[in-house]
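# Working through the structure, step by step
These are the residues of each chain, in order.
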Amino acid sequence: MSAGVELDRIEKTYGATTTLRAATLDVKPGEFMTLVGPSGCGKSTLLRIIAGLLPQTSGEVHIDGASIDHLPPRERDIAMVFQSYALYPHMSVAENVATPLKVRRLSRMARLPALGRLLPGQARTRREITDEVRRVADLVEIGPLLERKPAALSGGQRQRVALARAIIRDPRVFLMDEPLSNLDARLRVTMRAEITALHRRLGATFIYVTHDQTEAMTMSSRVAVMMDGTIIQCSTPQGLYEAPEDLRVARFIGSPEINVVASDTVAGWEGGNTRLGQLLQRPLHIAFRPEAVRLSAESAAQTDMLHLSCHIERTERLGHDVLLFLRVLADGAGVTARIPAADFARLDAPGGVLTASLHPADLLAFGPDGKRVALPGLAAATNRGLSHVG
Ligand code: ADP
Ligand code: MG
């Protein structure tokens with residue numbers, strides 16, 4: 001049975017340092033929720049508090065509406081998968097996977113290898129455990145590896161064993177702390193897909209931790225962005241990308257990073273309309289995604305767009321797309337553009353100079369405090385996610 005998890009103003013302090021401050025989150029039953037943020041922002045600390053491995057300083061953890069703060073880890077019905085797989089090296093894969101069930105279903109005496117077999121009534125339980133191990137091993141495709149020791153497995157195979165050992169417990173909630181970060185790039189991509197498929201098959205609640213925004217964006221139903229010990233925004237991957245509420249979220253989500261320019265610089269760019277000119281009078285951070293930068297002759301001819309004469313400093317070919325690192329001639333601002341390779345081939349840039357164009361509707365504005373502000377009067381896209389503007 002999957003369960004909802006609510007975090008209510010979780011705080012964690014170590015002496016004078018505060019690691020978590022008012023971390024609040026509502027994870028729905030069966031949801032794939034990812035906590036993403038830079039290293040050191042408190043992700044592991046929060047996960048360990050949910051698992052009961054670390055006490056919080058204040059705040060509450062609820063599962064399906066009931067506080068679990070008084071429960072020790074094993075009574076929380078939560079399974080955790082770590083970055084280091086934490087397998088028992090002297091045990092076979094089968095024994096590693098079976099351990100949680102043996103601990104739960106067999107007495108201490110019955111778990112002793114030689115003696116256990118002699119005790120009455122244990123044979124059936126052992127058979128059931130063996131069947132269960134096979135079923136779970138098939139689920140993560142480690143069936144042929146059951147007799148091996150962890151030392152004889154690749155990193156990806158060890159990670160599957162760790163997953164199997166979590167799945168066999170049939171927990172209400174799965175917690176995963178950077179489970180893919182020890183794998184090479186190719187395997188990480190494969191395992192990403194496998195973990196999301198596993199989530200669909202199990203229908204369980206997953207809380208997944210990563211510092212990798214691509215992992216977060218590709219795997220999750222919702223993503224909670226953490227910075228400095230607090231959750232600053234929780235939304236769908238698309239919601240975070242299109243409607244970041246905080247400049248730190250805008251910068252963290254998306255690769256290459258979003259362009260950010262001061263409003264007085266943008267005010268000096270050619271074109272746009274008077275409404276935009278007025279809006280740019282106050283100090284703002286103006287942000288726009290690299291794919292919002294248009295480089296075609298058609299865009300350069302549009303009067304309602306902003307135009308900036310730029311020098312191409314560097315290009316990076318990404319296969320389907322090309323990144324262009326531009327320098328605005330008039331003010332020296334750096335702008336990254338992303339265009340399809342086919343468009344790049346047709347680009348007209350004599351002497352490495354071209355006109356970059358921006359639609360005002362593609363601009364996001366953030367106040368000096370980094371919080372998103374509306375640009376009233378501009379197209380809806382600019383103000384997406386800001387409920388208080390019409
Ligand atoms: P993340 O998983 O996001 O990388 P962590 O939760 O591991 O971050 O750590 C968050 C912060 O808490 C870090 O700055 C870390 O140094 C600090 N921290 C973790 N454990 C302790 C501890 N036992 N004593 C003091 N500070 C700690
Ligand atoms: Mg961590």
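Note that the structure is a prediction, hence the values are computed from the model and not measured. Along every chain, residues carry numbers that run from 1 in the direction the sequence is written. All chains are assigned letters beginning with A, and all ligands numbers beginning with 1, in the order in which they are written. A pLDDT threshold of at least 70 governs which residues receive local features in this predicted model, and a stricter bar of 80 or more applies before side-chain atom pairs are shown or counted, although totals over entire chains, interfaces and linings include all residues. Derived side-chain values reflect all non-hydrogen atoms in the structure, with water molecules and hydrogen atoms excluded from consideration.

### Some points on the sheet that holds strand S8 (residues 205-210)
- Taken in spatial order, the six strands of this open sheet run S6-S7-S8-S3-S9-S10, and their pairing is mixed. Edge positions in the sheet fall to strand S6 (78-81) and strand S10 (230-235), since each of these pairs with one other strand and no more. Here the strands of the sheet are splayed against their neighbours by 20° on average, with no regard to which way each runs.
- Across the face of the sheet, helix H5 (residues 155-167) comes into contact with S6 and strand S7 (173-177) while running at roughly 175° to S6. One requirement defines pairing of two strands: DSSP has to find at least two bridges between them. Helix and strand labels come from DSSP, where a helix needs a run of H or I of at least four residues and a strand needs a run of E of at least two; each type is numbered from the N terminus. What counts as an axis is a line fitted to C-alpha atoms, over the stretch in contact for a helix, and the angles between N-to-C directions run from 0 to 180 degrees. Between two residues, a contact is recorded if the distance between any of their heavy atoms is within 4.5 Å.

### Describing the nonpolar core
- Core analysis: the largest hydrophobic core is formed by 38 residues, its most contacted members being Val97, Val133, Ile142, Leu163, Phe174, Met176 and Ile195.
- Leave out the neighbours within four places in its chain, and Met176 touches Leu47, Val81, Leu163, Ile195, Phe206, Ile207, Tyr208 and Val209.
- We define a nonpolar core as any set of buried Ala, Val, Leu, Ile, Met, Phe, Trp, Tyr and Cys residues linked to one another through side-chain atoms lying within 4.5 Å. Any residue under 20% of the maximum accessible area for its type is buried, any over 50% is exposed, and the rest in between are partly exposed; the area is computed with a 1.4 Å probe on protein chains only. Of all hydrophobic cores here, the second largest spans 32 residues; its members include Leu276, Leu306, Cys310 and Leu358.

### With respect to the site of ligand 1
- For this description, a residue counts as near a given molecule or strand if any of its non-hydrogen atoms is within 4 Å of it. Close to ligand 1 lie Tyr14, Thr19, Pro38, Ser39, Gly40, Cys41, Gly42, Lys43, Ser44 and Thr45.
- A distance of 3.1 Å separates an oxygen atom of ligand 1 from a polar side-chain atom of Thr19.
- Ser44 has a polar side-chain atom sitting 2.8 Å from an oxygen atom of ligand 1.
- Reported accessibility uses the Shrake-Rupley method at a 1.4 Å probe radius. Residues are deemed covered only where the shown protein chains occlude them. For ligand 1, the protein covers 55% of the area, taking 560 Å² as the surface of the free molecule.
- Per-element accounting of the shell around ligand 1 gives the leading share, three residues, to helix H1 (residues 43-51).
- For the shell around ligand 1, the residue count by class is three nonpolar, six polar and one charged. Under this definition, polar contacts are N or O atom pairs within 3.5 Å; protein pairs additionally need one hydrogen-donor-capable and one acceptor-capable atom, and for neighbouring residues in sequence, both atoms have to be side-chain atoms. Each residue receives one of three labels: charged for Asp, Glu, Lys and Arg, nonpolar for Ala, Val, Leu, Ile, Met, Phe, Trp, Tyr, Cys and Pro, and polar for the others, Gly being one of them.

### Here's the deal with H5
- Given a rise of 1.5 Å per residue, 13 residues ought to cover 18 Å, and the 18 Å separating the end C-alpha atoms of H5 matches this to within 8%.
- Among the 13 residues in H5, ten count as buried, and that is most of the element.
- On its buried side, H5 packs onto S6, helix H2 (93-105), helix H4 (122-139), S7 and helix H6 (185-202). A helix is expected to span 1.5 Å multiplied by its residue count minus one.

### Considering H6
- Relative to the 26 Å expected for 18 residues at 1.5 Å per residue, H6 spans 26 Å between its end C-alpha atoms, a close match to the ideal helical length.
- Among the residues of H6, those classed as buried are Met191, Arg192, Ile195, Thr196, Leu198 and His199. Along the long axis of H6, the arc covered by the buried residues comes to 155°, so they all point the same way. Exposed side of H6, more than 90 degrees from the buried face: Arg186 and Arg200 are the residues found there.
- Contact partners of the buried residues in H6: strand S3 (32-36), H4, H5, S7, S8 and helix H7 (213-219).
- Once H6 finishes, Gly203 follows within two positions and takes phi at roughly 65°, a positive value. As used here, the arc belongs to the directions running from the helix axis to the C-beta atoms.

### Some details on the domain arrangement of the chain
- Where a domain begins and ends is set by an automatic assignment or by a domain database. As assigned here, the chain comprises domain 1 (5-242) and domain 2 (256-383).
- Between the C-alpha centres of domain 1 and domain 2 there is a distance of 42 Å.

### What about the side chain of Thr210?
- As for its placement among the helices and strands, Thr210 is situated in strand S8.
- A distance of 2.9 Å separates a polar atom in the side chain of Thr210 from the backbone nitrogen of Asp212.
- Sequence-distant contacts of Thr210, defined by excluding residues within four places in its chain, comprise Thr34, Leu35, Val36, Gly37, Lys43, Glu178, Glu215 and Ala216.

### A short note on the sheet that holds strand S19 (residues 372-373)
- With respect to topology, four strands assemble into an open sheet ordered S11-S13-S18-S19, the strand pairing being antiparallel. Every interior strand has two partners, whereas the edge strands, strand S11 (259-262) and S19, have only one.
- In this sheet, strand S13 (residues 285-288) lies alongside S11 in antiparallel orientation, the contact comprising four bridges. The partner of Val260 across the bridge, within S13, is Ala287.

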